[in-house]
Amino acid sequence: MLADIALFLAAAVIAVPLAQRLGLGAVIGYLVAGIAIGPSGLALVTDVQSILDFSEFGVVLLLFVIGLELQPSRLWRLRVDVFGLGGAQVLLGTLVFGLAATAAGLPPVAAAVTGFGLSMSSTALVLRLLADRGELDARHGRAAFAVLLFQDLAVIPFIALLPLLSGGQAGLHWPDAARALAAIAGVVVLGRTVLRPALRRLAAANVPEIFTAAALLVVIATALGMQAAGLSMSLGAFLAGVLLAESEFRHELQADIEPFKGLLLGLFFIAVGMSVNLGLVASRPAAVLALLAGLVALKTASLYALGRLARLPAAASRAFAAALAAGGEFAFVLFALAGAAGLLAADTRELLVLAVSLSMLLTPALYRLQARFQPATVGPAFDAIDAPPAPVLLAGFGPFGQIVGRLLRVKKIPFTVLEKSWEQVDVVRRFGSTIYYGDAARLDLLRAARADRAALFVITIANAEISLQIAETVRRHFPQLRVFAVAQDRNHALRLMDLGITDVVRRAYFSSLELSRRVLVTLGESEPAAARAITTFRSHDEATLLKQQAVYRDETQLIQSSQAAARELEQLFESDRPDTVERAA
């Protein structure tokens, strides 16, 4: 067993970082690792089914974490896109692929499972792809997120139904339904009355490993309870997560479960990769190519149509369709469970798994290809700005930007806020503040906000790359604007300074100085001595920042400069010590 574990870990350690570096995502890395060591590759592991059976517990843990992360308030804000667009996508995809599977000769239940499985997309792959391109807040990124969220929710009841559909049963019997409802009610009641008090007692014991054991016990016990009632183990884990989503233990439970979930889910994808039968490419090339092309083409066409019906622009609809066109990791879960329940024949399952795997491998390249044809038009639309020209433009309205805005408001100084996060826009508007949705890096939005009539431009966005992109656009097209910018860290500040922006404040810099002053006073320093130490440190640090602007791109020179600055600072404080001053006197 240890040899097998070492083999799986080695394959993952090699393949996953390589896939991440190539922009393919961790899921693809695990699949490739499984293909490499499985029967279709080096054949280092041949008992794939036993590994798959064991690793399916990773899916159970995944659904527990999904339940923990399920926030009703967030669902309510996204309800139109999630339940409208997301529900339409799953229904349409299931119908299209289900009819195609029926036409191919599959029985009704198998066709329904196939249709639903192929309608799924990869949450991990798509979100990573959009995040890397900075498109999560774009129109198509928001729509894709809503669809993926609905898919994550829709898969729960579908997985729960699979055991009840085994053996060719097309419907539910009343005893089965009663037993299932009793099991769900039992989990809810026990979760409300027993689980939280028990976790409080365990947390009070202050033994971390016991709390971790309790977290695993909660997942396993609810999963086994659901399995005993004839339902899916995943449904039990999901319900347990939902019950604890609003508890004070949510974050600790997630932190405890996350390592187990990550490893076992990675093992599951490795096992899926091992089960990929690459021999089908040689023995049935026409079937593989037809299924792969049909999957991508039908899904792309249906997604594009839904995007247009949801009033997305044509370019955003194309990007939305390209992002979600491939299959997803839940397809592997569904096909594996359906195969174990006897709903899918082994050869059909192998063909479906291969097609989904190939579609996921092609996703990054296909998305980059479509983006090349629409590089400038896919960006998010922005709100019509109907306010008169203001002397201050504020890009970003998070916690930092809100403080700036509140002070300007009480001083009766007009300002215009541009915010790229649509979720933040929704929150701020509910509190009655005026804010405009849009990407401040876009020249057309800046012109609409009358940047040519403003006096100051304030950038409070935390993301360094987006902040620099905005700063560069403003400096190039509106050189008369004085720019104030918040830097995420020292390197971000230096890059802003390279653009000619001198009014740079490092995020949390002054609050960290204030905390340091309080620490010194608590340790026995007098208030004047602590204030003098902070002033000395700040003056020296700001002077060092100016010096390092010329060398920070050369790591060797930067290290030397930092070491020299540290020695200078030590000498300054040494000379300021009371005993040193007395000796000098």
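Residues numbered from 1 in each chain as written. Predicted model: local features only at pLDDT ≥ 70, side-chain atom pairs only at ≥ 80, totals over all residues. Heavy atoms only, no water.

**Quick notes on the packing of helix α22 (residues 464-477) against helix α23 (residues 490-498)**
Next up, step 1: In contact at an axis separation of 10 Å, α22 and α23 are set at 10° when each is read in the N-to-C sense. Overall, the two elements α22 and α23 adopt an arrangement that is roughly parallel. When you trace α22 past α23, the crossing you get is right-handed. Along the contact surface, α22 presents A464, E465, S467, L468 and A471, while α23 presents H492, R495 and L496.
Next up, step 2: Tallied by class, residues from the contact of α22 with α23 come to four nonpolar, two polar and two charged. (Axes fitted to C-alpha atoms, helices over the stretch in contact; angles between N-to-C directions. Helix = DSSP H or I, 4+ residues; strand = E, 2+ residues; numbered from the N terminus. Parallel < 35°, antiparallel > 145°, perpendicular 65-115°, else oblique. Left-handed = near helix turned anticlockwise from the far one by under 90°. Contact = heavy atoms within 4.5 Å. Nonpolar A, V, L, I, M, F, W, Y, C, P; charged D, E, K, R; others polar.)

**Quick look at the pairing of strand β1 (residues 392-395)**
Next up, step 1: Of the two faces of β1, both are covered, the one formed by V392 and L394 as well as the one formed by L393 and A395.
Next up, step 2: Where β1 meets strand β2 (residues 415-419), four bridges bridge the pair, whose relative direction is parallel. Bridge pairing in β2 places V392 opposite F415.
Next up, step 3: As for the winding sense of the linkage, the β-α-β connection from β1 through helix α19 (residues 399-410) to β2 is right-handed.
Next up, step 4: Taken together, the four bridges between β1 and strand β4 (residues 456-459) define a ladder with parallel strand orientation. When the sheet's bridge partners are listed, L394 is paired in β4 with V458. (Buried < 20%, exposed > 50% of the residue type's maximum accessible area, 1.4 Å probe, protein only. Pairing = 2+ DSSP bridges. Right-handed = clockwise from strand over helix to strand, strands pointing away.)

**Concerning the nonpolar core**
Next up, step 1: Membership of the largest hydrophobic core comes to 91 residues, with the highest contact counts inside it found for F64, M274 and F332.
Next up, step 2: Excluding anything up to four places from it in sequence, M274 contacts F8, G34, I35, I37, G38, P39, V45, V48 and I51.
Next up, step 3: Core analysis: the next-biggest nonpolar cluster, separate from the first, contains 27 residues, A395, A451, V474 and A493 among them. (Core = buried A, V, L, I, M, F, W, Y, C linked by side-chain atoms within 4.5 Å.)

**Here we look at the sheet that holds β4**
Next up, step 1: Overall, parallel pairing links the six strands, which are arranged β3-β2-β1-β4-β5-β6 in an open sheet. The open sheet has two edge strands, β3 (436-437) and β6 (503-506), and neither has a second partner.
Next up, step 2: In the packing of α19 onto the sheet, contacts are made with β1, β2 and β5 (482-487), and the angle to β1 comes to roughly 160°.
Next up, step 3: Set on the sheet, α22 makes contact with β4 and β5; between it and β4 the angle comes to about 165°.

**Points about the packing of aromatic side chains**
Next up, step 1: As enumerated under the stated definition, the model contains three aromatic pairs in all.
Next up, step 2: A centroid spacing of 4.0 Å and a plane angle of 5° characterise the contact between F116 and F158, whose relative ring orientation is stacked. Separated by 42 residues along the polypeptide, F116 in helix α7 (residues 108-119) and F158 in helix α9 (residues 139-165) bring together distant segments of the chain.
Next up, step 3: Under the relative-accessibility criterion, F158 is labelled buried at 17%.
Next up, step 4: When the centroid spacing of 5.4 Å and the interplanar angle of 75° are considered together, the rings of Y509 and F510 count as edge-to-face.
Next up, step 5: When its relative accessible area of 40% is taken as the criterion, F510 is described as partly exposed.
Next up, step 6: Positioned above the aromatic ring of Y437, the side-chain terminus of R142 is 5.3 Å from the ring centre.
Next up, step 7: The lysine or arginine in question, R506, covers the ring of Y509, its NZ or CZ lying 4.1 Å from the ring centre. (Phe/Tyr/Trp six-rings, centres within 6.5 Å; stacked < 30°, edge-to-face > 60°. Lys NZ or Arg CZ within 6 Å of the ring centre and 35° of its normal.)

**Considering the confidence of the model for the protein chain**
Next up, step 1: Looking at the protein chain, the pLDDT average stands at 81 and 87% of residues meet or exceed 70.
Next up, step 2: Highest mean pLDDT in the protein chain belongs to β4 (94); lowest belongs to helix α27 (residues 578-584) (45).
Next up, step 3: Contacts of residues 168-172 to residues separated by more than four positions or lying in other chains number six contacts, the stretch itself having pLDDT below 50. (pLDDT = per-residue confidence, 0-100.)

**Some points on unusual backbone geometry**
Next up, step 1: Its identity as a non-glycine residue notwithstanding, K412 has a phi of 60°, on the positive side.
Next up, step 2: In this fold, K412 is placed in the loop between α19 and β2.
Next up, step 3: In this structure K412 comes out as exposed when scored by relative accessible area, which is 74%.
Next up, step 4: Unusually for a residue other than glycine, A508 sits at a positive phi of about 70°.
Next up, step 5: By the secondary structure assignment, A508 is in the loop between β6 and α24 (509-522).
Next up, step 6: Among the residues examined, A508 registers a relative accessible area of 45% and is labelled partly exposed.

**Re a nonpolar patch on the surface**
Next up, step 1: There is a patch of nonpolar side chains on the surface, built from L2, I5, L9 and L263 and spanning about 430 Å² of accessible area.
Next up, step 2: Top element by residues in the nonpolar patch is helix α1 (residues 2-21). It accounts for three residues.
Next up, step 3: Its place among the elements puts L2 in helix α1. (Patch = residues over 30% accessible without salt bridge, like charges linked within 9 Å, V, L, I, M, F, W, Y side chains within 5 Å. Areas by Shrake-Rupley, 256 points an atom, 1.4 Å probe, with all protein chains shown as cover. Salt bridge = Lys/Arg side-chain N within 4 Å of Asp/Glu carboxyl O.)

**Section: helix α18 (residues 346-373)**
Next up, step 1: With 28 residues, α18 ought to run about 40 Å at 1.5 Å a step, and its terminal C-alpha atoms sit 40 Å apart, in line with that.
Next up, step 2: The largest bend in α18 amounts to roughly 40° and is located at T363, with the proline P364 lying one to four residues further along. (Expected span 1.5 Å × (residues − 1). Bend = angle between axes of the 7 residues up to and from the residue.)

**Side note on the side chain of E419**
Next up, step 1: Following the sequence through the fold, E419 ends up in strand β2.
Next up, step 2: One polar contact links the side chain of E419 to the main-chain amide nitrogen of F397, over a distance of 2.6 Å.
Next up, step 3: If sequence neighbours within four positions are ignored, E419 has contacts with G396, F397, G398, Q424, V425, I435, Y436, Y437 and G438. (Polar contact = N/O pair within 3.5 Å; in protein donor to acceptor, adjacent residues only side chain to side chain.)

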